[in-house]
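Residue-level listing of the chains:
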Amino acid sequence: MDRPNYITPAGYAALKAEYDALFAGERPKLVETISWAAGNGDRSENGDYIYGRKRLREIDRRLGFLSRRMKAAKVVDPARQEDRSKVFFGATVTVADEDDNRRELTLVGDDETDAGKGLIGWNAPLARALRGAAVGDLRRVTLPGGEREYEVIAVTYP
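Residues numbered from 1 in each chain as written. Predicted model: local features only at pLDDT ≥ 70, side-chain atom pairs only at ≥ 80, totals over all residues. Heavy atoms only, no water.

Please explain the sheet that holds strand 5 (residues 119-121) as it appears in this structure.
Backbone-to-backbone hydrogen bonds join strands into a sheet, with any given pair of strands oriented parallel or antiparallel. Spatially, five strands are ordered 5-4-3-7-6 in an open sheet, and the strand pairing comes out mixed. Taken across any chain shown, the strands that pair with only one partner, and hence form the sheet edges, are strand 5 and strand 6 (138-143). Each adjacent strand pair in this sheet contributes to an overall mean axis angle of 45°, direction not counted. (Pairing = 2+ DSSP bridges. Helix = DSSP H or I, 4+ residues; strand = E, 2+ residues; numbered from the N terminus. Axes fitted to C-alpha atoms, helices over the stretch in contact; angles between N-to-C directions.)

Written as structure tokens, this is what we have:
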């Protein structure tokens, strides 16, 4: 990876919890089911065996992905941010567009984004435009729907 994988402590804990649940919970049960199904004879028409092998590959692929993301993660606690007047990683920002529609966004790691909850990835176009902004700053960003201008109304940290 050419850039660090910033993540909040809560986001890292969620990645670790998913990894542990797959590795210690679901995977061993699946291996046991596959072993049982393999002992039943003809594997070519054994649905439990075929599905189990497919699901095991999916789990192993996800475990590899989670392992790489956790290894590359740089945990940053937004509560320890010294300069709270500007937008940095972990900031909750209230912005208003040209039509005075207000949105509250929190800049989080790319692995913990959830647009429905207002959590946008640190490398998203809007987040990149807001980095370093202070209250009252205007930022122009090119989005898929066209170019928009946002004014920073408030910046808070946990």
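Explanation requested: the packing of aromatic side chains in the structure shown.
Two aromatic rings are characterised by how far apart their centres lie and by the angle between their planes. Tallied over the entire structure, the rule returns four aromatic pairs. When the centroid spacing of 5.8 Å and the interplanar angle of 15° are considered together, the rings of Tyr-19 and Phe-23 count as stacked. Taken together, the positions of Tyr-19 and Phe-23, both in helix 1 (residues 9-38) and four residues apart, correspond to about one turn of that helix. Residues Phe-89 and Trp-122 carry aromatic rings whose centres are separated by 5.6 Å and whose planes lie at 80° to one another, so their mutual orientation is edge-to-face. Placement of Phe-89 in the loop between strand 2 (73-75) and strand 3 (92-96) and of Trp-122 in the loop between strand 5 and helix 3 (125-130) is noted, with a sequence separation of 33 residues between them. Across the pair, exposure class does not vary: Phe-89 and Trp-122 are buried alike. Within the aromatic cluster, the residues linked to one another by ring pairs are Tyr-6, Phe-89 and Trp-122. We note Arg-131 situated over the ring of Trp-122; from NZ or CZ to the ring centre the distance is 4.1 Å. (Phe/Tyr/Trp six-rings, centres within 6.5 Å; stacked < 30°, edge-to-face > 60°. Buried < 20%, exposed > 50% of the residue type's maximum accessible area, 1.4 Å probe, protein only. Lys NZ or Arg CZ within 6 Å of the ring centre and 35° of its normal.)

Looking at this model, I keep getting lost on the pairing of strand 3. Mind explaining?
Two faces make up the sheet, and in a regular strand the side chains alternate between them. Burial of strand 3 is extensive: five of the five residues sit out of reach of the surface. Alternating positions in strand 3 separate into two faces, Thr-92, Thr-94 and Ala-96 on one and Val-93 and Val-95 on the other, with burial throughout. Where strand 3 folds back on strand 4 (residues 102-108), the antiparallel hairpin that results is connected by five residues, among which Asp-100 adopts a positive phi of roughly 65°.

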